[in-house]
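# Residue-level structure breakdown
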Number of protein chains: 2
Amino acid sequence: METQSLTIHVKKIEKSKIEQVDFNNLAFGKNYSDHMMYCDYIDGKWQTPQIVPYGPMEFSPSTKVFHYGQAVFEGMKAFKDDAGRVHLFRPEENFKRINKSSERLAIPEFPKDYFFESLETLLKLDHEWVKPGQGNSLYIRPFVIATEEGVAAAPSDAYRFMIITCPSQAYYNKPVKVLFAEKYSRSADGGVGYAKAAGNYGAQFYPTNIAKSKGYDQVIWTDAKTHQYLEEAGTMNIFFRIGDKLLTAPTSDRILDGVTRKSVIQLAKDNGIEVEVAPVEVERIKNAAKAGELKEIFGTGTAATIAKVTGFEHAGDEFTLPKMEVEYSELMKKYLQDIQYNRVEDKNNWLHPIEK
Amino acid sequence: METQSLTIHVKKIEKSKIEQVDFNNLAFGKNYSDHMMYCDYIDGKWQTPQIVPYGPMEFSPSTKVFHYGQAVFEGMKAFKDDAGRVHLFRPEENFKRINKSSERLAIPEFPKDYFFESLETLLKLDHEWVKPGQGNSLYIRPFVIATEEGVAAAPSDAYRFMIITCPSQAYYNKPVKVLFAEKYSRSADGGVGYAKAAGNYGAQFYPTNIAKSKGYDQVIWTDAKTHQYLEEAGTMNIFFRIGDKLLTAPTSDRILDGVTRKSVIQLAKDNGIEVEVAPVEVERIKNAAKAGELKEIFGTGTAATIAKVTGFEHAGDEFTLPKMEVEYSELMKKYLQDIQYNRVEDKNNWLHPIEK
Ligand SMILES: Cc1ncc(COP(=O)(O)O)c(C=O)c1O
Ligand SMILES: Cc1ncc(COP(=O)(O)O)c(C=O)c1O
């Protein structure tokens, strides 16, 4: 344990822009709160974290992140309970994961106390940006980019860690139709699929656009080797309900170890729902659908929370999911949100309160 | 053919910084010429290209390139011949390739006349930065980045195309020792390996660092599916000389279609050296090495031109390449440079002269 407290430099805004934001009509990731954090890695060392008014910064066109994609990020949320207290949901997981991502991208590890003290200072300052009420939250985006200037393909010797935050409502309003990938792939064994690396996302837009042009909202990625196993969606892990059991793929070096996924697995167990964590064969899902045993598919992710899938297509076969009276997706969302908004006992110790 | 000429906005430097550069001691990609080009894609349209003094620009921390890696680039060179004329080497290839990369990354295509007129204007202005003499060149880095502000994982609606240039000497001074990849991979079928996407590079640094810690300079990537076939290096395609024949892997959606590679294939043919373009089995190379038939390995790329490999390791087996009296790597380099510096007839029409 550190005994000496870290100093964070804070430069406050002069006037909040919160009045200009329509909190009932938020496009996801388009409004930013008053402050942001940045912390530079220079000469082999993370410098003092700086909290400053949110705003643009200068970058040289030769900045390495523009050329070599050395960039990782996280997505996490803060919720306000009915007593007006702000809580982060499982931030330890995001902290560990950003460093895991960084390691794979040859980016230096970020210190734990820098991460938590920055978050706490930022959230205290921007407390008003976390709105109470179902579906409301403050989306928090920590990220790291390579900042050395130079166009030689080698790891950067300078980095910037940043945290920006956006007020958000529920991410997906409507249920989604998905396409199981047959040709394109998101990641491979020995690759960077398990990291929240910037390049993993840009690489998905083109195949996703093709899916969209066919009337599907998202792609469910299959393994690059055989395309026979369902892995995850672009920003969500995927669950299948077969009969009364939930099925989801194990994590691997190809799949992001989602915080919502692991929370759903735990909550299902806590509530007596069986979860099978095993490779998910496309054929098994199609056969279950044909036999009327596939009851639900849903995605899990911080931004979306739980996103219902209404139908899917694979190799020309189209399937529509039944309408269930009791939906596990709804149950899981309720279990999750009850904890996130501090409405039930937090047995698993997932909430990290922010002192005012 | 366009009949009306495109207007490019030009803002010249006040005073050149060329005097400050030591042209005999250039670190690759660390010095930039006086001018750069940028061109914004806004409202569904590429705006007028702007040529301005090289320098930093403002970006919001939510700029999409920082989060989702929608970024592609090119690398090409201009050479000055003994008569003081500047020539681009096969720029059509780079133009086609950047648009191929952009398509895969869901970035809008850049117009051909914008590309060539910008390059020509830029090179006329920065003519003095192209130094004559063996090994000297101006390295040209076109790139495109996603510039919309927003942290939702979806294609950007705004982009910036830029061109920056760096005076350069030969890229690698010393021959390299390489490691054949057994666990990590660079790209997969259905992925973005054939694109010069920023994320492909950042993803290689960590496994390359591991190789370096074992005493190797670079990794030769093998196919992600089986790791039995040699594909390419981080920024070079790879050739193997077995007996008197050259062998190189075919391009695919996993491998970058290198301009130097295709030039070497052509030059080998033009000079009576047989080239086999076929999947390169690791075992075949190891067996050839054991039988004394593997004479050379070399990499080909714009930055490095030709890089000699002196030895390799795979699965604990180490191999040292023999010292040849007549090296194909040296021959190929000479053939290439004779054209690039306009010392021989340019039969294949590869030079694109820049009018003063
Ligand atoms: C590729 C990918 N899979 C899954 C997830 C879900 O992870 P989490 O629940 O931690 O948000 C995300 C989003 O963060 C993601 O980007
Ligand atoms: C992955 C990769 N392979 C090969 C090459 C060589 O291509 P070229 O000869 O066009 O420079 C490069 C460099 O540009 C590269 O980045």
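Residues numbered from 1 in each chain as written. Chains lettered and ligands numbered in written order. Predicted model: local features only at pLDDT ≥ 70, side-chain atom pairs only at ≥ 80, totals over all residues. Heavy atoms only, no water.

Put simply, the rule reads: UniProt positions are given in the numbering used here, feature names are shortened, and annotations may be inferred rather than shown by experiment.
By the naming in an unreviewed UniProt entry, chain A is Branched-chain-amino-acid aminotransferase, taken from Psychroflexus planctonicus. Comment text from UniProt for chain A, heading Function (unreviewed entry), reads "Acts on leucine, isoleucine and valine." Here chain A is described in UniProt, under the heading Sequence similarities (unreviewed entry), as follows: "Belongs to the class-IV pyridoxal-phosphate-dependent aminotransferase family."

### A few points about the domain arrangement of chain A
Residues and elements named next belong to chain A. Cut-off, in case you're wondering: Segmentation into domains, and thus their bounds, comes from an automatic or database assignment. Buried area: the sum, over both parts, of the accessible surface (1.4 Å probe) that disappears when the two are put together. Salt bridge, as used here: a side-chain nitrogen of Lys or Arg that lies within 4 Å of a carboxyl oxygen of Asp or Glu. In protein, a polar contact means a hydrogen-donor-capable atom and an acceptor-capable atom, both N or O and within 3.5 Å, with residues adjacent in sequence counting only if both atoms are side-chain atoms; elsewhere, any N or O pair within 3.5 Å suffices.
Segmentation of chain A into domains returns domain 1 (2-168) and domain 2 (176-337). Placing a centre on the C-alpha atoms of domain 1 and another on those of domain 2 gives a separation of 28 Å. Three residues, F73, R97 and R104, lead the burial of domain 1 against domain 2; their summed loss comes to 35% of the area buried on that side. Here domain 1 and domain 2 share one salt bridge between them. Between E93 and K262 there is a salt bridge, with the nearest N and O atoms lying 2.8 Å from each other. Summed over the shared surface of domain 1 and domain 2, the result is 11 residue pairs in polar contact (both at pLDDT 80 or more).

### Focus: helix α6 (residues 282-290) of chain A
Residue and element names in this part refer to chain A. To keep things clear, this is the line we draw: Exposed residues in this analysis have more than 50% of their type's maximum accessible area, buried residues have under 20%, and partly exposed residues fall in between, with area computed by a 1.4 Å probe over protein chains only. Runs of E in the DSSP output that reach at least two residues are strands. Runs of H or I that reach at least four are helices, and both are numbered from the N terminus. The arc in question is traced by the directions running from the helix axis to the C-beta atoms.
Every buried residue of α6 is accounted for by V282, I285, K286 and A288. For α6, the buried positions fall inside an angular range of 160° around the axis, keeping them on one side. Trailing α6 by a residue or two, G292 shows a phi angle of about 75°, which is positive.

### A few points about the packing of helix α2 (residues 91-104) of chain A against helix α3 (residues 112-125) of chain A
Residues and elements named next belong to chain A. To be explicit about the condition: Fitting a line to C-alpha atoms yields each axis, with helices limited to the stretch in contact; the angle taken between N-to-C directions then spans 0 to 180 degrees. Convention used here: angles under 35 degrees read as roughly parallel, angles over 145 as roughly antiparallel, angles from 65 to 115 as roughly perpendicular, and any remaining angle as oblique. Two helices that cross are described as forming a left-handed crossing if the nearer one is turned anticlockwise from the farther one by less than a right angle, and a right-handed crossing if clockwise. Contacts between residues were defined by any pair of non-hydrogen atoms, one from each residue, lying within 4.5 Å. Each residue is assigned to one of three groups, with Ala, Val, Leu, Ile, Met, Phe, Trp, Tyr, Cys and Pro labelled nonpolar, Asp, Glu, Lys and Arg labelled charged, and all others, Gly among them, labelled polar.
Two elements in contact, α2 and α3, have axes separated by 11 Å at closest approach and are oriented at 135°. When the interaxial angle is binned, α2 and α3 end up oblique. Note on packing geometry: the crossing formed by α2 with α3 is right-handed. Taking contact as the criterion, the partners of P91, E92 and F95 in α2 are, on α3, K112, F115 and F116. Residues of the contact of α2 with α3, tallied by class, amount to four nonpolar, no polar and two charged.

### Examining the relation of the copies chain B and chain A
One copy of the chain maps onto the other through a rotation about an axis followed by a shift along the same axis. As a reminder of what qualifies: The superposition of copies rests on a least-squares fit of C-alpha positions from residues with pLDDT of 70 or more in both.
Between the two copies, chain B and chain A, the superposition gives an RMSD of 0.0 Å; the rotation angle is 180° and the shift along the axis is 0.0 Å. The symmetry that links the two subunits is that of a two-fold axis. A share of 100% of interface residues in chain B that are also interface residues in chain A marks the association as one of identical surfaces.

### Observations regarding the site of ligand 2
Residue and element names in this part refer to chain B. Convention followed: In this text, near means that some heavy atom of the residue lies within 4 Å of the molecule or strand in question. Here the accessible surface of atoms and residues is derived via Shrake-Rupley with a 1.4 Å probe, and residues count as covered only by protein chains that are part of the display.
Around ligand 2 sit 16 residues, and of these K196, Y201, E232, T260 and T302 come closest. Contact distances for ligand 2 include 2.8 Å between an oxygen atom and a side-chain N or O atom of R97. Between T260 and ligand 2, the recorded distance is 2.5 Å, taken from a side-chain N or O atom to an oxygen atom. Coverage of ligand 2 by the protein amounts to 97% of the 390 Å² it exposes when considered alone. Contributing elements (two or more residues each) for the shell around ligand 2: α5 (259-270) and β18 (294-301).

### Examining the interface of chain B and chain A
On the side of chain A, 62 residues touch chain B, which itself brings 62 residues to the contact. Taken together, both faces of the contact between chain B and chain A bury some 5000 Å²; the carbon and sulfur share is 63%. When the area that chain B buries against chain A is broken down by residue, the three leading residues are P61(B), F66(B) and F205(B), summing to 14%. Along the contact surface separating chain B from chain A lie two salt bridges.

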